[in-house]
Amino acid sequence: MSDAPRTIRKLTGNFLEDFRPGQVFRHKGGKTVTEGLFTVFTEFAMTSNPLAKNARYARAYGFDGLVCPPGLTMLICFSQTVEDISENARANLEYIDMRFGAPLYVGDTIEVETKVLNVRPSSSRPNLGIVHVQSTARKDDGSVVMTWQRKVQVYKRDDAAELHPGEEAPDQIACDLWLPTYDAGAKYAEMAHLSSPDSYFEDFEPNTLIEHSRGRTVTDEHIQMTAILDNTSQVHCNQYMIDLDPKQYVGGQLIIFGGIPFTLCLGLSSPDVGDNALGDLCYPTGKHTAPLFAGDTVFASTLVRGKRDYPGRDDLGIVETTLLGHKFVREEGATNDDAPAGWKKVAIFELEREIAVKRRSHYGS
Amino acid sequence: MSDAPRTIRKLTGNFLEDFRPGQVFRHKGGKTVTEGLFTVFTEFAMTSNPLAKNARYARAYGFDGLVCPPGLTMLICFSQTVEDISENARANLEYIDMRFGAPLYVGDTIEVETKVLNVRPSSSRPNLGIVHVQSTARKDDGSVVMTWQRKVQVYKRDDAAELHPGEEAPDQIACDLWLPTYDAGAKYAEMAHLSSPDSYFEDFEPNTLIEHSRGRTVTDEHIQMTAILDNTSQVHCNQYMIDLDPKQYVGGQLIIFGGIPFTLCLGLSSPDVGDNALGDLCYPTGKHTAPLFAGDTVFASTLVRGKRDYPGRDDLGIVETTLLGHKFVREEGATNDDAPAGWKKVAIFELEREIAVKRRSHYGS
Amino acid sequence: MSDAPRTIRKLTGNFLEDFRPGQVFRHKGGKTVTEGLFTVFTEFAMTSNPLAKNARYARAYGFDGLVCPPGLTMLICFSQTVEDISENARANLEYIDMRFGAPLYVGDTIEVETKVLNVRPSSSRPNLGIVHVQSTARKDDGSVVMTWQRKVQVYKRDDAAELHPGEEAPDQIACDLWLPTYDAGAKYAEMAHLSSPDSYFEDFEPNTLIEHSRGRTVTDEHIQMTAILDNTSQVHCNQYMIDLDPKQYVGGQLIIFGGIPFTLCLGLSSPDVGDNALGDLCYPTGKHTAPLFAGDTVFASTLVRGKRDYPGRDDLGIVETTLLGHKFVREEGATNDDAPAGWKKVAIFELEREIAVKRRSHYGS
């Protein structure tokens, strides 16, 4: 008869006091983009840019095939960092200097590294603090797909633990948007009916707020979608953990992974803003401003802040926008200007977004 | 300090008064069939024909690989027309002369065109009317995958608007079912165990009603499935819109996209009717007769109406059927002949369906 | 005017009295593994072994590409047997001598055969009994992917029917785990950061119970997942059938297909036990000990029972484990040692599991 077994419980993820400025994580796993992943997310988000829907069109434009839209690229790359950085997080606070490089295709494999920049305690809550990190995703061939910084609110394992001091500067990562060459002999105009007719560079007027017409209700599908991304954070998928101590968690219920409204707002804006983009250049800042739960319906709008020429590319321009996401919640007796009676508009997400947009002069019909 | 931004709201889709007989839409987007899309739908519907499950079998029969079953082909092609034709629809009323041509494979890209045939007001509801259209889907190589007509009930933007008069004849579209050549030397019989043994041409007897044994409960998965098809109609996915004015919408809740019971009934009938089909030729007429909501369980039956030889193909025959879909709803105190006590049987869908079926004499074991 | 049609109802699946010892089923359909199927299941289960996530890594190890994790291989092969063996089952009771052979890749097609070993009545319930079968799955090239026995509790069509007597011995099926050759010149250590650092052969100590940290709530997603596998058993997907006679069914509600906690528990254990496995050799015994329903959260632990050398492979060892799955259910006033106050721990699944694990001496950094 054997003795009772020794029991161990391997903790996954790091807590606030584990992070050291300068520390580098080479994240486990890596991720090959399959057609299963591509389809679930591209189309969940109602992305309408034909580069992500129509391989004939994408190849005619000089891409190798269907191109991951920027929201999906972000989800795939970001999620690789979750186990090490945010498995024990309460919430993701801020995205900074998120930039895109090489296009991501089905069949590509990405691997991701993260460097810790600094770690700060919360001023009001002794069991929490903020980690500031910089992450970079590369393909098999070494090309950079994305690089970004983020600040994330992480729990402490031990409220009394000391935090590692120090401040590390972000690395300079070369990451410029790859663009196919403009081919004066190509018959772009013959494909112009496949994208929206009024979202060329010439159509954008600074200081315009475009309210996108569609909404999308998110169901508990979010649990599976989050798992498919390898995002293992327990606040998205472990209902029992929430039930044991609901007050400890945002909203006292499973919270939807922030990457989901991130990619959904990008998709909802696509017919009006993204259909004639060849890519997103960068998201200088971004943040979640309210949590999202199963059953909420998401809407988006885009503030066009400015526009400028694309250096070295007469066929393109850069549109400077802010993408805004919101939902409506019932509020007894409410009479708000920006919502129907009995409802309140709640901002959930905002993102500064610079987009490489085709000019009608070169691509339109 | 900048001025308050100008706000615009781009409407998507057309309203009743926007349609003009003779008008042609070359729909945006187009769609490449991925393995993600193929798997989600083929298998959601419980399709059992090995042509859609077993690539070894499909290739041995002379196809290039797994073949989209007709319900999936219809969903992919049909959905491309939604934004222009039925984003602002209340309900799809009728399918007419739906015919199949080239087989659709993973990797193929389809693009779709629609011609408006006529526009009529509703006799009883001033804010609604009916648009009659003809659509055709083609592959990259120009081959026709499907052509069909449909009538759809669409909202008016302005109840007082005049409708465009006129009547356009449908185009004559060449669209005949592509079939692999019968190879007398092929070892079909060695694969006969992979399809059902009692669904060859010889097995069908006119004036027989086959009640298919399986049922399938549809969950709120329908929201994601509809998005994956690029079907952007808001009545399927925007719960907030419904909540604002439930009486305006069928059933006062999110309604399941009609393509879902369409493909599900085809799948449920598959073991008894479709397992030994090489393809569906045409659906002369079809219509939805009741809405479907999340939580409903779908059942199907097939009325065999007739059978005839397949011109030029001794190895095949044509089976003429009507596919019927139904569900059961609770009804206090009900004692109906065709349902258990306390339940009512509700017809949801019917479709005239002509199928190209193998003869046991040529393919059986 | 035609006569009323003759109505027939084709029953699917067999009932207890239909099974004969020695009878062989060559199952219908067969199944080609698509990227859609691969992604939905691998990642649903939170599998973290890079062989199933990262094609670069899998190829560097000598595999042809992403490898189906053992839980997915089992689900695909097992489900092919459902229509013939367990469409009319109440529950799956036991897995016996489940062994793995050739790796399963995207694009492979499997076909499955089952032999009936014996059929026994239930001692207490006249409408039920147990069928004992042996099944084997092969690829197009004839290689054996899996072979296993199972015992399943099946309903009788007619309570009074006689059962077929007899006892058939299982066939001897050659099925040894395929392993890539160890290449002394390969740079395994340079990829060591992609798998967990503490799950090499050297790390396992017999008589240790590892409690895996993650939990995963299963939603009604299970209905679609089960259909995607071709598992047609009505107790997983036909809510109407349950509603008509809830007492007849386990828990009076849709029960989750046992393959789902099977693969989920394997996935939850992956970071601690499976990350450095090259494959699972065999599952000598396994069983479900409680049903799972939508909304339950699944947890897993692994008892390390022993370890031994891998014959002929210095680079590997065999770890002998028992995988245990559990959930927690609310119980008013409960004060159990192994659960928080007000909750009860319920064992749902256990599986003897022998794993081929890399040695740090050969693969570690």
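In this report, we go over the structure that sits alongside the text. All figures in this text were calculated on a predicted structure; none of them were measured in a lab.

Reading the values: the criteria
- Residues numbered from 1 in each chain as written.
- Chains lettered and ligands numbered in written order.
- Predicted model: local features only at pLDDT ≥ 70, side-chain atom pairs only at ≥ 80, totals over all residues.
- Heavy atoms only, no water.
- Salt bridge = Lys/Arg side-chain N within 4 Å of Asp/Glu carboxyl O.
- Helix = DSSP H or I, 4+ residues; strand = E, 2+ residues; numbered from the N terminus.
- Buried < 20%, exposed > 50% of the residue type's maximum accessible area, 1.4 Å probe, protein only.
- Contact = heavy atoms within 4.5 Å.
- Buried area = accessible area lost by both parts, 1.4 Å probe.
- Polar contact = N/O pair within 3.5 Å; in protein donor to acceptor, adjacent residues only side chain to side chain.
- Nonpolar A, V, L, I, M, F, W, Y, C, P; charged D, E, K, R; others polar.
- Pairing = 2+ DSSP bridges.
- Least-squares fit on C-alpha atoms with pLDDT ≥ 70 in both.

Thoughts on the pattern of salt bridges
Right, so step 1: Across all of its chains, the model carries 79 salt bridges over all chains by this definition.
Right, so step 2: Note that Glu-111 of chain A and Arg-56 of chain C form a salt bridge whose closest N and O atoms lie 2.8 Å from each other. Here the residue Glu-111 of chain A occupies a position in strand S5 (residues 109–121), and Arg-56 of chain C occupies one in helix H2 (residues 55–60), the pair thus bridging two chains.
Right, so step 3: The class for Glu-111 of chain A is buried, based on a relative accessible area of 18%.

Some words on the interface of chain A and chain C
Often, the extent of an interface is quoted as the loss of accessible area on bringing the components together.
Right, so step 1: Every contact between the two is made by 41 residues of chain A and, on the other side, 45 residues of chain C.
Right, so step 2: Summing both partners gives a buried area of about 3,900 Å² for chain A against chain C, and 50% of it is carried by carbon and sulfur.
Right, so step 3: Scanning the region where chain A abuts chain C turns up seven salt bridges.
Right, so step 4: Taken together, chain A and chain C are joined by 25 residue pairs in polar contact (both at pLDDT 80 or more).

Let's talk about the interface of chain C and chain B
Right, so step 1: Every contact between the two is made by 41 residues of chain C and, on the other side, 44 residues of chain B.
Right, so step 2: Roughly 3,900 Å² of surface becomes buried between chain C and chain B when both sides are summed, with 50% attributable to carbon and sulfur atoms.
Right, so step 3: The interface formed by chain C and chain B contains eight salt bridges.
Right, so step 4: Taking the shortest distance from any N to any O, the salt bridge between Arg-330 of chain B and Asp-243 of chain C comes out at 3.7 Å.
Right, so step 5: For the pair chain C and chain B, the number of links is 25 residue pairs in polar contact (both at pLDDT 80 or more).
Right, so step 6: Sorting the residues of the side of chain C that touches chain B by element identifies strand S1 (6–8), strand S3 (31–32), helix H1 (35–44), strand S5 (109–121), helix H5 (221–228) and helix H6 (239–244) of chain C as the ones contributing at least two each.
Right, so step 7: For the side of chain C that touches chain B, the class distribution of residues is eleven nonpolar, 15 polar and 15 charged.
Right, so step 8: Sheet topology note: the strand S8 (residues 208–211) of chain B/S1 of chain C ladder contains three bridges and is parallel. Opposite Ile-210 of chain B, over in S1 of chain C, you have Ile-8 of chain C as the bridge partner.

What to know about the relation of the copies chain C and chain B
Comparison of the two chain copies shows a relationship of rotation about an axis with a shift along it.
Right, so step 1: You can overlay chain C on chain B at an RMSD of 0.0 Å; the transform is a turn of 120° with a shift of 0.0 Å along its axis. Look at the turn and shift together and you get a three-fold axis relating the two. No C-alpha of chain C lies nearer the rotation axis than that of Gly-36 of chain C, which sits 2.3 Å from it.
Right, so step 2: When you check the interface residues of chain C against chain B, a mere 7% turn up at the interface there too, and the two sides of the contact use different surfaces.

Nothing here speaks to function; it is geometry throughout.
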